[in-house]
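# Breakdown of the fold
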Amino acid sequence: MINKDEVKHIAGLARIGITEKEVEKFSADLSAVLDWIKQLEKVDTSKVVPTSRVHGSINVAREDKVYAFSEKEKIIELFHEKKNGYDKVRSVL
Amino acid sequence: MIRELHQKLINKEITAEKLALDYLACIEKKDKDFFAYISVTKDLALEQARKVDEKIARGESIELLEGIPGAIKDNLCISGVRTTASSKILDNYVAPYDATVIKKLKENGAVFLGKTNLDEFAMGSSTENSAYGVTKNPYDLTRVSGGSSGGSAAAVALDEAVWALGTDTGGSIRQPASFCGVVGLKPTYGRVSRYGAIAMASSFDQIGPLTKTVEDAAIILSVIAGQDKMDATSAHSSGKDYAKYLTGEIGGMRIGIVKEYIDGLGEKEKKAISEIIETYKKLGAEIKEINLPHIKYSLPVYYIIVPCEVSSNLARFDGIKYGLSIDDEENSGLGENRMPKKLLETYLDSRHYGFGKEVQRRIMLGTYALSSGYYDAYYLRAQKVRTLIREDFEKAFLEVDLILTPITPTAAFKIGEKIEDPLEMYLADIFSITANIVGVPAISVPGTKIETDGHDLPIGFQLMGKWFDEENVLNVAHAYEINK
């Protein structure tokens, strides 16, 4: 069971603003899914290596070379508010 | 289908422009009822088509896919084209670059008719989570087309596109293919570069084709497959022409079936799959029962690891760099309500109003599972069970060449039937998600039709192959298609 304070804490970590009404709904929905997931506790995983890739690629490397991205202007165009080619945001504190 | 249209183009029976216009007319006529497309790229399509016509007029030879119109799921980036992933948070997003699959299709002269509907960020099985509306089933307007690539599947089924691209994280190509009566292929993880696909769960996502025939799927796969420096998980490719493997000869092929999967089906569905197995026996395949003891844990494994990857991947949508930014001086009642607003409020408000409920639910679930103190109990344990499931498949593939299973428990369900209960929606993914957990290639092939409430609804079946063995998956699917 995930209580309301935990839901608020998680929403804060996830940077999602939620209303009081939503807190209740998330508490119920997340608890239901987490209870159902508990069935994995039945599996003996003591000697199992966790999966980190599903096929055999290991240490994919490439030459440490800089490739210029040619569409810089298109990216700047997407900024909500721009100033001299910079992305302008509100103050942090 | 692609091969016949190609012949017509080179015989000058039709021009690429006329072909594109015919499909655009079909979209115009049908799509207001079915809603397969979020946006139609008419100008781009006609420009691409005219280039092909000019080549033909100059007497130059053209590639198989050149001038053939298709649809692109709206979570794949086409430079200069609006790409929404069916989310309000990307409503105004114009992609600044081409996905690798798009680049390859352009190089091969394919024509893009538009961008198709999906569940928001590909999270869902019905397109009911789209911010723009539901794609209706081509066989019954009161039912879903499936998801998340429901728009792509419906577009192909409705002749609103010859072929379409989808993405598949837990069945998002194969399940709508089954519901709409078309072919859907999820390639091996790593077969196709994911660069330019808006990421949902990076260790599961793959791009693949939805088409009318297995041969068309093979043609598209041959074009989009290959290693790419922009995706470090893409695998080395030998540049196969997959259509060349479609002999229809499958004598001696060992096909595994999973008894628990078939036993759990309803009567009509069980009969349908039994007939398919009989067809394969007649064609000379050897049917063997196999045991995959850990697949019963597939759903919980999936619904831990995927939300974890989602919470990380979707952190980039913050109302700052692109997309929706709720940055006004209105007090939204969220967060600490500081006035004037600070950066944190921009994040909280943009992600509150920009994301739909299912997306928020998965971000929250993943954030919880990865948060301090829970990592070992959820994420790490799930990745260990994932290893056990993969080992089950490795053992099974010592005995058999392919595995045949249902792809969906039933034919298409009604709009609204499952949307209120997320867990029930998740449970319907039981047959499709294991292929993504272990990374093997899998195809959904149209089987028979099942009579449901007076409608004959299509339902597919699934073939899963060994890692990077798309040629056998496609050939065995093709053998059924030409002999059913």
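Overview of the structure.

Definitions and cut-offs
- Positions within a chain are numbered from 1, following the residues in the order the chain's sequence is written.
- Lettering of chains starts at A and numbering of ligands starts at 1, both following the order in which they are written.
- Thresholds applied to this predicted model are a pLDDT of at least 70 for local features of residues and 80 or more for the giving and counting of side-chain atom pairs; totals over whole chains, interfaces and linings are not thresholded and use all residues.
- Side-chain measures were taken over the full set of non-hydrogen atoms in the model, leaving aside hydrogen atoms and water.
- A run of H or I in DSSP becomes a helix once it reaches four residues, and a run of E becomes a strand once it reaches two; helices and strands are each numbered from the N terminus.
- The size measure is the radius of gyration over C-alpha atoms, and the globule rule it meets is 2.2 Å times the number of residues to the 0.38 power.
- When a residue's accessible area, from a 1.4 Å probe over protein chains only, is under 20% of the maximum for its type it is buried; when over 50% it is exposed; and in between it is partly exposed.
- Working definition of accessibility: Shrake-Rupley area with a 1.4 Å probe, residue cover restricted to the visible protein chains.
- Positive charges come from Lys and Arg alone, negative charges from Asp and Glu alone, with His and the N- and C-terminal ends not counted.
- To locate a charge, the coordinates of NZ of Lys, CZ of Arg, CG of Asp or CD of Glu are taken.
- Strand pairing requires that DSSP identify at least two bridges connecting the strands.
- Pairs of residues are marked as contacts when any of their non-hydrogen atoms sit within 4.5 Å.
- By buried area we mean the combined loss of accessible area, with a 1.4 Å probe, across both parts when two parts are placed together.
- Within this document, salt bridges are pairs made up of a side-chain nitrogen of Lys or Arg and a carboxyl oxygen of Asp or Glu, the two lying within 4 Å of each other.
- We call two N or O atoms a polar contact when they sit within 3.5 Å, provided that within protein one can donate a hydrogen and the other can accept it, with sequence-adjacent residues counted only if both atoms are side-chain atoms.
- Any residue outside Ala, Val, Leu, Ile, Met, Phe, Trp, Tyr, Cys, Pro, Asp, Glu, Lys and Arg is labelled polar, Gly included; the first ten of those are nonpolar and the last four are charged.
- Here, expected helix span is obtained from the residue count minus one, scaled by 1.5 Å.
- Two axes are fitted around each residue, one to the seven residues ending there and one to the seven starting there, and the angle between them is reported as the bend at that residue.
- Here the aromatic set is Phe, Tyr and Trp, taking the six-membered ring for Trp, and pairing holds for ring centres within 6.5 Å; pairs whose planes are under 30 degrees apart are stacked, those over 60 apart are edge-to-face, and all others are tilted.
- Charge-over-ring placement is defined geometrically: NZ (Lys) or CZ (Arg) within 6 Å of the ring centre, and within 35 degrees of the ring normal.
- Angles here are taken between N-to-C directions and fall from 0 to 180 degrees, while the axes themselves are lines fitted to C-alpha atoms, restricted in helices to the stretch in contact.

## Observations concerning the overall build of chain A
Per the secondary structure count, chain A includes three helices and two strands. Helices and strands in chain A line up, N terminus first, as α-α-α-β-β. For 93 residues, the compact-globule estimate of 2.2 N^0.38 gives 12 Å, and chain A exceeds it by more than 25% at 22 Å. Its C-alpha atoms give chain A principal-axis dimensions of roughly 55 × 45 × 20 Å. Among the 93 residues that make up chain A, the fraction classed as buried is 32%. Put simply, chain A shows about 6,800 Å² of open surface, and 53% of that area lies on carbon and sulfur atoms. Here chain A contributes 17 positively and 16 negatively charged side chains, and the mean placements of these two sets differ by 3 Å.

## Quick word on the pairing of strand β7 (residues 183–186) of chain B
Residue and element names in this part refer to chain B. Here β7 shows no split at all, with Val183 and Leu185 on one side and Gly184 and Lys186 on the other all buried. Pairing of β7 with strand β8 (residues 206–211), which is carried by two bridges, proceeds in the antiparallel orientation. Opposite Gly184, over in β8, you have Leu210 as the bridge partner. Across three bridges, the pairing between β7 and strand β12 (residues 442–452) is antiparallel. The partner of Lys186 across the bridge, within β12, is Ala442.

## Looking at the side chain of Thr188(B)
All names here are of chain B. Here Thr188 is to be found in the loop between β7 and β8. Relative accessible area serves as the criterion here: at 0%, Thr188 is assigned to the buried category. Not counting chain neighbours up to four residues away, the residues in contact with Thr188 comprise Gln206, Gly439, Val440, Pro441, Trp467, Phe468, Asp469 and Glu470.

## Observations concerning the interface of chain A and chain B
Each partner contributes residues to the interface: chain A has 51 residues there, and chain B has 66 residues. Interface of chain A and chain B: buried area, both sides summed, is about 5,300 Å²; carbon and sulfur atoms make up 69% of it. By the criterion of area lost to chain B, the three top residues of chain A are Trp36(A), Val54(A) and Arg90(A), representing 15% of everything that side buries. Counting the contacts that link chain A with chain B gives two salt bridges. Glu22(A) is paired through a salt bridge with Lys357(B); the nearest N and O atoms lie 3.3 Å apart. Seen at the junction of chain A and chain B, the total is 15 residue pairs in polar contact (both at pLDDT 80 or more). The set of elements that each furnish at least two residues to the side of chain A that touches chain B consists of α1 (4–13), α2 (20–37) and α3 (72–77) of chain A. The leading source of residues in the side of chain A that touches chain B is α2(A), at nine residues. Tallied by class, the residues present in the side of chain A that touches chain B amount to 30 nonpolar, eight polar and 13 charged.

## Examining unusual backbone geometry
Only a minority of non-glycine residues have a phi that is not negative, and only a minority of peptide bonds are not trans. Omega for the peptide link from Gly147(B) to Ser148(B) comes to 10°, which places this bond in the cis form. Mapped onto the elements of the fold, Ser148(B) is located in the loop between β5 (140–144) and α5 (150–157). Not every positive phi belongs to a glycine, and Asn84(A) is a case in point at roughly 50°. Among the secondary structure elements, Asn84(A) is positioned in the loop between β1 (82–83) and β2 (86–87). Assessed through its relative accessible area of 73%, Asn84(A) is described here as exposed. For Phe121(B), which is not a glycine, the phi torsion comes out positive at approximately 50°. Residue position: Phe121(B) is located in the loop between β3 (111–116) and β4 (136–137).

## So, helix α2 (residues 16–34) of chain B
Residues spaced three or four apart along an α-helix point in a common direction, a consequence of the helix completing one turn every 3.6 residues. Residues and elements named next belong to chain B. For α2, which comprises 19 residues, the first-to-last C-alpha distance of 25 Å matches the rise-based estimate of 27 Å (1.5 Å per residue) to within 8%. By the largest-angle criterion, Glu28 marks the main kink of α2, which is about 35°. Within the span of α2, buried status applies to Ala16, Leu19, Ala20, Tyr23, Leu24, Cys26, Ile27, Asp31 and Phe34. Looking at the residues trailing α2, positive phi occurs at Phe35, about 55°.

## Observations regarding the environment of Leu40(A)
Residue and element names in this part refer to chain A. Among the structural elements, Leu40 can be located in the loop between α2 and α3. On the basis of relative accessible area, Leu40 is assigned to the buried category, the value being 1%. For the pair Leu40 and Gly56, spaced 16 residues apart in the sequence, the C-alpha separation amounts to 26 Å.

## Topic: the packing of aromatic side chains
For the structure on display, the rule yields 21 aromatic pairs over all chains. For the pair Trp36(A) and Tyr303(B), a centre-to-centre distance of 6.2 Å together with 55° between the ring planes defines the contact as tilted. Taken as a pair, Trp36(A) in helix α2 and Tyr303(B) in helix α10 (residues 298–313) lie in two separate chains rather than in one. Just as Trp36(A) is buried, Tyr303(B) falls in that class too. With a centroid separation of 6.0 Å and an interplanar angle of 75°, the aromatic rings of Phe397(B) and Trp467(B) are classed as edge-to-face. Of the two residues, Phe397(B) sits in helix α13 (residues 376–399) while Trp467(B) sits in the loop between β13 (455–465) and α16 (470–483), which places them 70 residues apart along the sequence. Relative accessible area serves as the criterion here: at 6%, Phe397(B) is assigned to the buried category. Through successive ring pairs, a cluster of aromatic residues spans Trp36(A), Phe204(B), Tyr302(B), Tyr303(B) and Tyr426(B). Above the plane of the ring of Tyr67(A) lies Lys229(B), whose end atom (NZ or CZ) is 5.0 Å from the centre.

## Re the pairing of β8(B)
Residue and element names in this part refer to chain B. The buried count for β8 comes to six of six residues, which makes it a mostly enclosed element. Pairing of strand β6 (residues 163–168) with β8, which is carried by six bridges, proceeds in the antiparallel orientation. Counterpart to Trp163 in the pairing with β8 is Thr211.

## Side note on the sheet that holds β12(B)
Residues and elements named next belong to chain B. Strand order in the open sheet formed by 11 strands is β1-β3-β2-β6-β8-β7-β12-β13-β11-β9-β10, with mixed pairing between adjacent strands. The outermost strands of the open sheet, each flanked by one partner alone, are β1 (37–40) and β10 (286–290). Along the sheet, successive strands turn relative to each other by an average axial angle of 30°, direction set aside. Looking at chain direction, strand β11 (residues 402–406) and β13 are connected through five bridges and run antiparallel. Note that in β13 the partner of Pro406 across the bridge is Phe461.

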